[in-house]
Amino acid sequence: MNETANRQSIDVGAKVKGVLAGDRATLARAITLVESAASQHKKSAQALLAQLLPHTGQSIRVGVTGPPGAGKSTFIDTVGCALTDRGHKVAVLAIDPSSASNRGSILGDKTRMEGLSRDPNAFIRPSPTGGALGGVASATREVILICEAARYDVIIVETVGAGQSETTLRSLVDFLLLLLITGAGDELQGIKKGVIEIADAVVINKADGDNVARAKAARAQMERALQFVAPATEGWATRALTASGLNGQGIEEIWQVISEFAAQTKASGGFEKRRTDQRRAWLHSALEQQMRDYLYRNPAVQAALPEIEAAVMAGELPAAQAAAELLRLALDR
């Protein structure tokens, strides 16, 4: 038993050393460890994160969301390459939609980010949502920290953008960017109601070719709309911008806005307050997940669940009463 524990400790130590040294292969393996749902990996993942935690927190975390077809991957590829050209190290966490039947994922974003995928100062990690809510993967918080420990100073989280609540993404990043396109018609109205309130900037993408005039008109319309929306970050006015992921137009302005946001919120204390609130949210999220895991692994719950579940499905037992009974079984000593 001691020998096994020792081997496990050495493995964690090697991963910590490799991540801190910026070794990409070790970084990928460390992320795989924290994403693992296997119970035998949990303690190793926790030990890894505990040792890396003092080396985290020095990046700017940017969330990018928007409807399918908004050009998120091409946009991020262009932004990321512009940043690595300026000396930044960029990590992209591309969250892919998972299959409802087998929890698999498309994992196509890496192939669409051709520039970054070849850049030695960039790291792209596609991860399936695995059914997690909010359009992000269940271990995204942990993956952000590991990438920061590997000295990536810009972390970009790209969500599936398929209509899920984006409040989870808001709890992960410093700056949330909503990417839209012209010509989407009424479809954008629902997005405005659900996401603009938590966005720090709205970018009308694909402002190139014959679409430049329409993109500028959409930006002007968005600027007017933003006057009636409370800002997502106290003391910060949500910006409306245009850009082209294809030719790079507007990319410099967007990075200037993000940099201005970071400087302003750090000076006001809002940046650290948001990080503190996010750590609190992380705690409660982890607690809820561990309680859920404990409940479903409990032998008494496993034995009683089929019968109680059938009673609820048949309309014979209220769900709240059924849940209370299962919880009582789990906690009964």
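Everything discussed here concerns the structure shown above.
Here the structure is a predicted model, which is why all the values come from computation and not from measurement.

Quick notes on the rules
Residues numbered from 1 in each chain as written. Predicted model: local features only at pLDDT ≥ 70, side-chain atom pairs only at ≥ 80, totals over all residues. Heavy atoms only, no water. Helix = DSSP H or I, 4+ residues; strand = E, 2+ residues; numbered from the N terminus. Contact = heavy atoms within 4.5 Å. Axes fitted to C-alpha atoms, helices over the stretch in contact; angles between N-to-C directions. Parallel < 35°, antiparallel > 145°, perpendicular 65-115°, else oblique. Nonpolar A, V, L, I, M, F, W, Y, C, P; charged D, E, K, R; others polar. Expected span 1.5 Å × (residues − 1). Buried < 20%, exposed > 50% of the residue type's maximum accessible area, 1.4 Å probe, protein only. Arc of directions from axis to C-beta. Salt bridge = Lys/Arg side-chain N within 4 Å of Asp/Glu carboxyl O. Left-handed = near helix turned anticlockwise from the far one by under 90°. Core = buried A, V, L, I, M, F, W, Y, C linked by side-chain atoms within 4.5 Å. Phe/Tyr/Trp six-rings, centres within 6.5 Å; stacked < 30°, edge-to-face > 60°.

(A) Spotlight on the environment of A240. Looking at the element boundaries, A240 is found in strand β7 (residues 239–242). Between the C-alpha atoms of A240 and A218, which are 22 residues apart in sequence, the distance is 9.2 Å. In contact with A240, not counting residues within four places along its chain, are V202, R219, M222, E223 and L226.

(B) The arrangement of the packing of helix α13 (residues 299–313) against helix α14 (residues 319–331) in detail. Between α13 and α14, whose axes approach to 10 Å, the crossing angle comes to 170°. Between α13 and α14, the crossing angle belongs to the class labelled roughly antiparallel. Contacts between α13 and α14 involve A300, V301, A304, L305, I308 and V312 on the former and, on the latter, A319, A322, E325, L326, L329 and A330. Looking at side-chain class alone, the contact of α13 with α14 contains 11 nonpolar, no polar and 1 charged residues.

(C) Expanded view of helix α11 (residues 251–268). With 18 residues, α11 extends 26 Å from end C-alpha to end C-alpha; this agrees with the ideal 26 Å at 1.5 Å per step. Among all positions of α11, only I251, I254, W255, V257, I258, F261, A262 and T265 are buried. Buried residues of α11, viewed axially, fall in a sector of 155°; they line one side. Summarising the geometry of α11, the exposed residues directed more than 90 degrees from the buried face are A267 and S268.

(D) Highlighting the pattern of salt bridges. Applying the stated criterion across every chain, the model contains 13 salt bridges. A salt bridge links E35 to R125; the nearest nitrogen and oxygen atoms lie 3.0 Å apart. Taken together, the residues span a long stretch of sequence, with E35 in helix α2 (residues 24–35) and R125 in strand β3 (residues 122–128) at a distance of 90 residues. A relative accessible area of 27% means that E35 is categorised as partly exposed. Notably, a salt bridge pairs R219 with E223, separated by 3.5 Å at the nearest N-O pair.

(E) Structural detail: the packing of α2 against helix α7 (residues 140–149). The N-to-C vectors of α2 and α7 enclose an angle of 160°; their axes lie 10 Å apart at closest approach. Of the possible angle classes, the one that applies to α2 and α7 is roughly antiparallel. Relative to α7, the crossing made by α2 is right-handed. Contact residues: L27, A30, I31, V34 and E35 in α2; E142, V143, I146 and C147 in α7. Split into classes, the residues belonging to the contact of α2 with α7 amount to 7 nonpolar, no polar and 2 charged.

(F) Spatial organisation of the side chain of H88. Turning to its location among the elements, H88 is positioned in the loop between α4 (72–85) and β2 (90–96). Residue class for H88 comes out buried when judged on its relative accessible area of 19%. Contact partners of H88, with chain neighbours within four places excluded, come to L83, N121, D153, V154 and W255.

(G) How the structure looks around the nonpolar core. In terms of nonpolar packing, the biggest core is built from 43 residues, with L48, I146 and C147 touching the most fellow members. Contacts of I146, omitting those with residues within four sequence positions, involve V19, L27, A30, I31, V34, L48, L49 and L52. Core analysis: the second largest hydrophobic core is formed by 31 residues, V62, L83, A122 and V257 among them.

(H) Fine view of the packing of aromatic side chains. In total, this model carries 3 aromatic pairs according to the counting rule given. A centroid spacing of 6.1 Å and a plane angle of 45° characterise the contact between F123 and Y152, whose relative ring orientation is tilted. Of the two residues, F123 is situated in strand β3 and Y152 in the loop between α7 and β4 (154–158); the sequence distance between them amounts to 29 residues. Residue F123 is classed as buried on the basis of its relative accessible area, which comes to 6%.

(I) Fine view of helix α12 (residues 270–297). Here α12 spans 40 Å end to end across 28 residues, near enough to the 40 Å set by a 1.5 Å rise per residue. Restricting attention to buried positions, one finds in α12 the residues F271, R274, R275 and Q278. Considering only its buried residues, α12 is in contact with β1 (60–65), α7, α8 (167–170) and α11.

All quantities given are derived from atomic positions and should not be read as evidence of function.
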